[in-house]
Amino acid sequence: MKKKIGVLVMSYGTPKSLDDVEAYYTHIRRGNPPAPEQLKELKDRYEAIVGGVFPLRENTDRQVEKIQAELDRMELPDAEFVCYQGLKHAEPFIEDGVRNMANDGIAEAVGIVLAPHFSTMSVGSYIKRAKQTAEETGVRMSFIESYHLHPKLIEAFAKRVTAKLDAFVDSGAPRDEVKVLFSAHSLPERILSIGDPYRDQLLETSEAVAAAAGVTNWQFTWQSAGRTAEPWLGPDVLDTMKDLSEKDVRYMLVSPLGFVSDHLEVLYDLDIEAQDVAAELDVRLMRIDSLNTDPLYMETLADCVVTECRKGALVHG
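Scope of this entry: the structure provided in the associated data block. (Residues numbered from 1 in each chain as written. Predicted model: local features only at pLDDT ≥ 70, side-chain atom pairs only at ≥ 80, totals over all residues. Heavy atoms only, no water.)

### A look at the overall build of the chain
Test applied: Only runs of H or I of at least four residues qualify as helices and only runs of E of at least two qualify as strands under DSSP, and these elements are numbered from the N terminus. Atoms counted for the radius of gyration: C-alpha only. Globule rule: 2.2 Å times residue count to the power 0.38. Surface exposure here means Shrake-Rupley accessible area, sampled with a 1.4 Å probe, where a residue is shielded only by the protein chains that are shown. Charge counting follows a simple rule: Lys and Arg are positive, Asp and Glu are negative, and His as well as the terminal groups are ignored. A charge is said to be at NZ when it belongs to Lys, at CZ for Arg, at CG for Asp and at CD for Glu.
Along the chain, the regular secondary structure elements total 11 helices and 8 strands. The C-alpha atoms of the chain give 20 Å as radius of gyration, which agrees with the globular expectation for 317 residues (20 Å, within 12%). Taken along the three principal axes of its C-alpha coordinates, the chain extends 65 × 45 × 40 Å. On the chain, roughly 14500 Å² of surface is accessible, and the fraction owed to carbon and sulfur atoms is 49%. Measuring between centres, the 35 positive side-chain charges of the chain sit 3 Å from its 52 negative side-chain charges.

### What to know about helix 8 (residues 237-246)
What sets the pattern is the α-helix's 3.6 residues per turn: residues three or four places apart point alike. The criterion, for reference: Burial here depends on accessible area, computed with a 1.4 Å probe over protein chains only, as a share of the maximum for the residue type. Under 20% is buried, over 50% is exposed, and the range in between is partly exposed. Starting at the helix axis, one direction is taken to each C-beta atom, and the arc is that of these directions. Any pair of residues with heavy atoms lying within 4.5 Å of one another is described as a contacting pair. Definition of a polar contact: a pair of N or O atoms within 3.5 Å, with one able to donate and the other able to accept a hydrogen when the atoms are protein atoms, and with sequence-neighbouring residues admitted only if both atoms are side-chain atoms.
Every buried residue of helix 8 is listed here: Val237, Leu238, Thr240, Met241, Leu244 and Ser245. Looking straight down helix 8, one finds its buried side chains confined to an arc of 160°; they lie on one side. Against strand 5 (178-185), strand 6 (218-223), strand 7 (251-256), helix 10 (269-281) and strand 8 (284-287) lie the buried residues of helix 8. Two to three positions downstream of the cap, the backbone nitrogen of Leu238 sits 2.9 Å from a side-chain oxygen, assigning the N-cap of helix 8 to Asp236. Among the residues trailing helix 8, Asp248 stands out with phi positive, at a value near 65°.

### Points about the sheet that holds strand 5
Strands belonging to one sheet form pairs held by backbone hydrogen bonds; the direction of such a pair is parallel or antiparallel. Put simply, the rule reads: Should DSSP find at least two bridges between two strands, the strands are regarded as paired. Working convention: axes come from line fits to C-alpha atoms, limited for helices to the stretch in contact. Angles between N-to-C directions cover 0 to 180 degrees.
Strands sit in the order 6-5-7-8 across an open sheet of 4 strands; the sheet is parallel. Both edges of this open sheet fall to strand 6 and strand 8, since each of them pairs with a single strand only. Put simply, the sheet's adjacent strands are angled 30° from each other on average, direction ignored. Inspection of the sheet shows strand 5 paired to strand 7 by 6 bridges, in the parallel sense. Looking at the pairing, Val178 lines up with Tyr251 of strand 7.

### Comments concerning the environment of Asp200
By the secondary structure assignment, Asp200 is in helix 7 (residues 198-213). Using a relative accessible area of 42% as the deciding quantity, one classes Asp200 as partly exposed.

### Quick look at unusual backbone geometry
Here Glu91 and Pro92 are connected by a cis peptide whose omega angle stands at -5°. Relative to the helices and strands, Pro92 resides in the loop between strand 2 (79-87) and helix 4 (94-103). Here the residue pair Gly234 and Pro235 is connected by a cis peptide bond, since its omega of 10° sits within 30 degrees of zero. By secondary structure assignment, the location of Pro235 is in the loop between strand 6 and helix 8. Residues other than glycine seldom take positive phi values, yet Ser224 does so here, at roughly 60°.

### With respect to the pattern of salt bridges
Rules: For this analysis, a salt bridge means a side-chain nitrogen from Lys or Arg found within 4 Å of a carboxyl oxygen belonging to Asp or Glu.
What the rule picks out here adds up to 19 salt bridges. Of the charged contacts in the structure, one is a salt bridge between Asp289 and Lys164, with a shortest N-O distance of 3.6 Å. On the criterion of sequence distance, the pair formed by Asp289 in the loop between strand 8 and helix 11 (295-311) and Lys164 in helix 6 (residues 151-170) is long-range, its members being 125 residues apart. Asp289 gets classed as partly exposed once you look at its relative accessible area, which sits at 44%. One salt-bridge network, held together by shared partners, links Glu41, Arg45, Arg227, Asp269 and Glu273.

### Some words on the packing of aromatic side chains
Which entries qualify depends on this criterion: To pair, rings of Phe, Tyr and Trp, with the six-membered ring standing in for Trp, must have centres within 6.5 Å; the planes then decide the type, stacked if under 30 degrees apart, edge-to-face if over 60, and tilted in the middle.
On inspection of all chains with the given rule, the structure shows 6 aromatic pairs. Judged by centre distance (6.1 Å) and plane angle (75°), the rings of Phe168 and Tyr251 are edge-to-face. Of this pair, Phe168 sits in helix 6 while Tyr251 is found in strand 7, placing the two residues 83 residues apart along the sequence. Taken together, the aromatic side chains of Tyr198, Phe220 and Trp222 make up a single cluster linked through ring pairs.

### Focus: the packing of helix 6 against helix 7
Which entries qualify depends on this criterion: For classification purposes, angles smaller than 35 degrees are called roughly parallel, those larger than 145 roughly antiparallel, those between 65 and 115 roughly perpendicular, and all remaining angles oblique. Helix crossings fall into two classes, left-handed where the near helix is turned counterclockwise from the far one by less than a right angle and right-handed where it is turned clockwise. Following the grouping adopted for this structure description, the nonpolar residues are Ala, Val, Leu, Ile, Met, Phe, Trp, Tyr, Cys and Pro, the charged ones are Asp, Glu, Lys and Arg, and the polar ones are all others, Gly among them.
Viewed as axis vectors pointing N to C, helix 6 and helix 7 meet at an angle of 60°, and their least axial separation amounts to 8 Å. As summarised for this structure, helix 6 and helix 7 are arranged oblique, according to the angle between their axes. As for how helix 6 packs across helix 7, the hand of that crossing is right-handed. From helix 6, Ile154, Phe157, Ala158, Val161 and Thr162 reach across to helix 7, where they touch Thr205, Ala208, Val209, Ala212 and Ala213. Across the contact of helix 6 with helix 7, the residue classes tally to 8 nonpolar, 2 polar and no charged.

### What to know about helix 3 (residues 54-74)
For the record, the criterion: One less than the residue count of a helix, multiplied by 1.5 Å, gives the span that helix is expected to have.
For helix 3, with 21 residues, the first-to-last C-alpha span of 31 Å sits near the 30 Å given by 1.5 Å per residue. Residues Leu56, Arg57, Asn59, Thr60, Gln63, Val64, Ile67, Gln68, Glu70 and Leu71 constitute the buried set of helix 3. Buried residues in helix 3 make contact with strand 1 (3-11), helix 2 (36-48), strand 2, helix 9 (264-267) and helix 11. With its phi angle positive at about 50°, Glu75 sits one or two positions after the end of helix 3.

### Re the pairing of strand 1
Summarising burial for strand 1: 7 of the 9 residues are buried, a large majority. Two strands pair when backbone bridges link them, and strand 1 and strand 2 are joined in this way by 9 bridges, in the parallel orientation. Pairing of Val9 across the sheet is with Gln85, part of strand 2. Pairing of strand 1 with strand 3 (residues 108-113), which is carried by 5 bridges, proceeds in the parallel orientation. In the strand pairing of strand 3, Met10 is matched with Val113.

Structure below.
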């Protein structure tokens, strides 16, 4: 009889509908509801993207389903994997996912986050919450902290960069004149003072993807910084675009390597906000397609789970 091993697939989470936006952002703000004008702006952003909030939540659900399917396909002789979803700011919360495993009689599990790069403020906070609940419920749990240089992840990103560069060439733009802008969600600058690996891992991924795609004309930039008094990592992608425009760069390809799904920071911050700036600057901007349920990404995650299990002697096949 195969041993059942839980797989907690963690991600940031999104509201299920516009009615849930206030509760969602209240949770993000640690119990402080957004002001009426803030709430209106947030809802307007969700309404501006095609399909509103629904595709965002459905996409996360599909990712968990596809990870399950990939683990099933691997057919290990001594283990059966059961995936559970755990969200940071929406139901089912991370704690719910761990408790659901425990309630189903699962004693051993692995946690992985749908974010390739580690930061104490992002992936570290997911792991902390899951670990605490695992200890409370008696689930033996290990965690995958990062997978930012997994070969299949690099291949998946490189294929997307190449595809969009080909689209530029097909439209008459010289390939070597397209500036590739690798981007990720900004975090407060204070992470640098504690030796947080987030920035360095992102640069390592950028270098690996650029090499795999044969790209030399690239730079890294940040996006989607929070609106707080403390300084956040920069420069912001919108400022980078303006700076490049002043240097007569007319073609730009934004490649958000810090994101693996279509969600607000991609569909609004890049597809709407950044495109509006591109129109003002009279430059052509494209972005790579998100990974979502790309088979190479699903293989990356499944491989990380199995590798972690073998390392902890949870499986032997």
